[in-house]
Structures are given as structure tokens and as C-alpha cells.
Amino acid sequence: EEEFKWLLQEEVHAVLRQLQDILKEASHRFALPTSGSGGAVKQENFVLSTSGTDQVKGVMTLQGDALCQADVNLKMPRNNQLLHFAFREDKQWKLQQIQDARNHVNQAIYLLMNRDVNYQFKTGLEVLKLMDAVMLQLSRARNRLTTPATLTLPEIASSGLTKMFTPTLPPDILVNFYINLNKLCLTIYQLHMLQPSTMKNFKPAGGSVLHNPGAMFEFGSQRYEVSHVHKVECVVPWLNDALVFFTVSLQLCQQLKDKISVFSSYWNYRPY
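Note that the structure is predicted; figures quoted are calculated from it, not measured.

K.L.:
In this structure, what is going on with the overall build of the protein? I would like to understand it.
P.N.:
Scanning the protein from terminus to terminus reveals 5 helices and 10 strands. Looking at the protein residue by residue over its 272 residues, the buried ones come to 43%. Nonlocal contacts in the protein, meaning residues at least 24 apart in sequence, comprise 67% of its contacts between residues at least 6 apart. Per element, the accessible surface of the protein, about 14,500 Å² overall, is 51% carbon and sulfur.

In C-alpha cells, the structure reads:
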């Protein structure tokens, strides 16, 4: 019983302080200034490419959770024509995944700090509930980076991203940016316009992170088929750091839960 009291009064607080330190480091990695600090977020340039092909090359400028510049060269497979398009100077593209992940991290930090420094936990159940709430936020933060949104091709076609480029994207080109784990990804779809006279069985594709050649969709009054797909990507080091911090934090939470559960069952301190 004395050991269990020590666990509740001493070790739990030590783990909470450790979690706070780790998650503050994770939050700093997202490189966004806290409200009121007024500090400018540094810009980072990344070159997007794929080994073995020079079909697509891109240079992206990431500033916190926003793509503030994008410069893309696309070599058309049919005639080797080179297309070049870039973000308009007045436009930037918010990466919602990064914004959401950071919000979940900050919510986890709030949960950990939302107690007076002299607060004493009375029961194992109290600690378990706190760990579950923190782990939920951390899992959501990690999932936002590891699980890109599934989009239909019409959703990509109608996205505001298509209106951000100069010169204007041709109607047979679609683009999509997203985060996948620690990578910034750019997918370019080249489309083939389906003629009304074609005998193809038209079957619109559903939602997907990455559509394959042959996927069909209808947009406006026109039907299209994806003829080529180009995906280029680059590693964003601080996203990698953040994912490591999430994993370590989730392990610490689980270890504390396991200790509480062992004591609870051993001395019949029932947490439920």
C-alpha cells in the first residue's frame, strides 16, 4: 500500500513532467510561433523528386504549416513538352494535417498541465483516465501525419489548390499535396478526356490517397480518365522528430498505465 501511495504521489508526477518536456519539444518542432510571440516562422526549401525518373521536379518552400511557394516542372510523356507552373505570389497552401497534429499535441500538453503543482492523485483510476485522454490526443496527432485524406478526383479537381498556380493549370492536369509520415508529397495526375462515342464502361473512381492510371471521373459536364500519375516526395526532418516524440510519449503513458494496473489488481485497488 505504501508503494502504491508513493507511485501516486511521486512517480506519477515525475512521468507527467517528463511527458510535458517531450511534448513541448514536439510542439516546437512544428516551428509555429506561439500566440503573441510575434516571431517569424523560418522558411525551409525542399526539392521533390523520384529516383529513376526526371518526369517531375519540384521545389517547395514550407513555412510552418503552410506551403508558401511551389515551383514545378513536368515533362509530358507523349511529346516531352516541358510544363512549368508555380504558386501565385499572393497565394499559400495550408497543410491541414500539420495544423491538426500540432493542435492535438497542444491539447495533450494542456491536459498534463491542467493541475496545480501540489495536486495529489487519490486513485489509480484518476491516473488511468488522464493517461487515456493524453494518449487519445497523441494518437490523433500521429494519425493526422500517417494517414492522408482520401479524396475523389472531382474533389481534387475542385480544390482551391488548382487555382493557385501561374500560369493556370491546363484542364488535363490535377495536383495534390499531402503529408505521409515524415514526407511532403506531391502527386500530379495527367488526364485523358473521354469522348462521348467511346464504348468504355464508365465507372467513376471512389476516394483514395493515390489514384492509379485508368481511374475515371466526371467533372463539370466532361468525363476524364487518368492516363499518367507522377508522385514526388521529400523527407521533412522535423516531422520525423515529431513522430518519434509521439511514439516515446505513448510508450511512457502505457508504462505508467501498466504499473497502476499491476498495483490495482495486486492489492485489489480496483480502478473501475
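K.L.:
Explain the nonpolar core here, please?
P.N.:
For soluble globular proteins, the rule of thumb is that nonpolar side chains tend to be buried together. Judged by nonpolar contacts, the single largest core of 67 residues is most densely connected at Phe-177 and Phe-246. Sorting elements by how many residues they give to this core places helix H5 (residues 237–266) first, with 12 residues. Here Phe-246 is in contact with Ala-26, Phe-30, Val-105, Leu-138, Ala-141, Arg-142 and Leu-145, once residues within four sequence places are set aside. Counting 10 residues, the second-largest nonpolar core is a separate cluster that includes Leu-174, Tyr-189, Leu-191 and Ala-215.

K.L.:
Would you mind going over the environment of Ala-215 with me for this structure?
P.N.:
Considering the arrangement of structural elements, one finds Ala-215 in the loop between strand E8 (183–193) and strand E9 (216–219). Given the relative accessible area of 12%, Ala-215 is considered buried. Sequence separation between Ala-215 and Pro-204 is 11 residues; the distance between their C-alpha atoms is 7.1 Å. Not counting the four nearest positions on each side in its chain, Ala-215 is found in contact with Leu-153, Ala-205, Tyr-224, Glu-225 and Val-226.

K.L.:
Would you take a moment to explain helix H3 (residues 124–146) for this structure?
P.N.:
Because each turn of an α-helix spans 3.6 residues, side chains separated by three or four positions end up pointing in the same direction. Taking 1.5 Å as the rise per residue, H3 with 23 residues should run 33 Å; its terminal C-alpha atoms sit 32 Å apart, in good agreement. Among the residues making up H3, those that are buried are Gly-124, Glu-126, Val-127, Leu-128, Leu-130, Met-131, Val-134, Met-135, Gln-137, Leu-138, Ala-141 and Leu-145.

K.L.:
How do you make sense of the pairing of strand E10 (residues 222–235) when you look at a structure like this?
P.N.:
Successive residues of a regular strand alternate their side chains across the two faces of the sheet. Two strands pair when backbone bridges link them, and E8 and E10 are joined in this way by 11 bridges, in the antiparallel orientation. Looking at the pairing, Lys-183 lines up with Val-235 of E10. Of the strand pairs in this sheet, E9 and E10 are connected by 4 bridges, and their pairing is antiparallel. The residue of E10 that forms the bridge with Phe-217 is Tyr-224.

K.L.:
Please explain the packing of aromatic side chains as it appears in this structure.
P.N.:
Counted according to the given criterion, the structure contains 6 aromatic pairs. Geometrically, the ring pair formed by Phe-30 and Trp-238 is edge-to-face, given 5.7 Å between the ring centres and 70° between the ring planes. Residue Phe-30 is located in the loop between helix H1 (2–29) and strand E1 (44–50), and its partner Trp-238 is located in helix H5; the two are separated by 208 residues in the primary sequence. For the pair Phe-30 and Trp-238, a shared accessibility class is recorded, and that class is buried. Judged by centre distance (5.3 Å) and plane angle (90°), the rings of Phe-85 and Phe-165 are edge-to-face. With Phe-85 in strand E4 (residues 82–87) and Phe-165 in strand E6 (residues 165–166), this residue pair connects regions lying 80 residues apart in the sequence. Taking relative accessible area as the criterion, Phe-85 reaches 2% and is therefore assigned buried. For Phe-165, a relative accessible area of 3% translates into the label buried. Members of the aromatic cluster, each reached through a chain of ring pairs, are Phe-85, Phe-87, Phe-165 and Phe-177. In this arrangement the basic side chain of Arg-115 is found over the ring face of Tyr-119, its NZ or CZ atom lying 5.5 Å from the centre.

How each quantity is defined
Residues numbered from 1 in each chain as written. Predicted model: local features only at pLDDT ≥ 70, side-chain atom pairs only at ≥ 80, totals over all residues. Heavy atoms only, no water. Helix = DSSP H or I, 4+ residues; strand = E, 2+ residues; numbered from the N terminus. Buried < 20%, exposed > 50% of the residue type's maximum accessible area, 1.4 Å probe, protein only. Contact = heavy atoms within 4.5 Å. Areas by Shrake-Rupley, 256 points an atom, 1.4 Å probe, with all protein chains shown as cover. Core = buried A, V, L, I, M, F, W, Y, C linked by side-chain atoms within 4.5 Å. Expected span 1.5 Å × (residues − 1). Pairing = 2+ DSSP bridges. Phe/Tyr/Trp six-rings, centres within 6.5 Å; stacked < 30°, edge-to-face > 60°. Lys NZ or Arg CZ within 6 Å of the ring centre and 35° of its normal.

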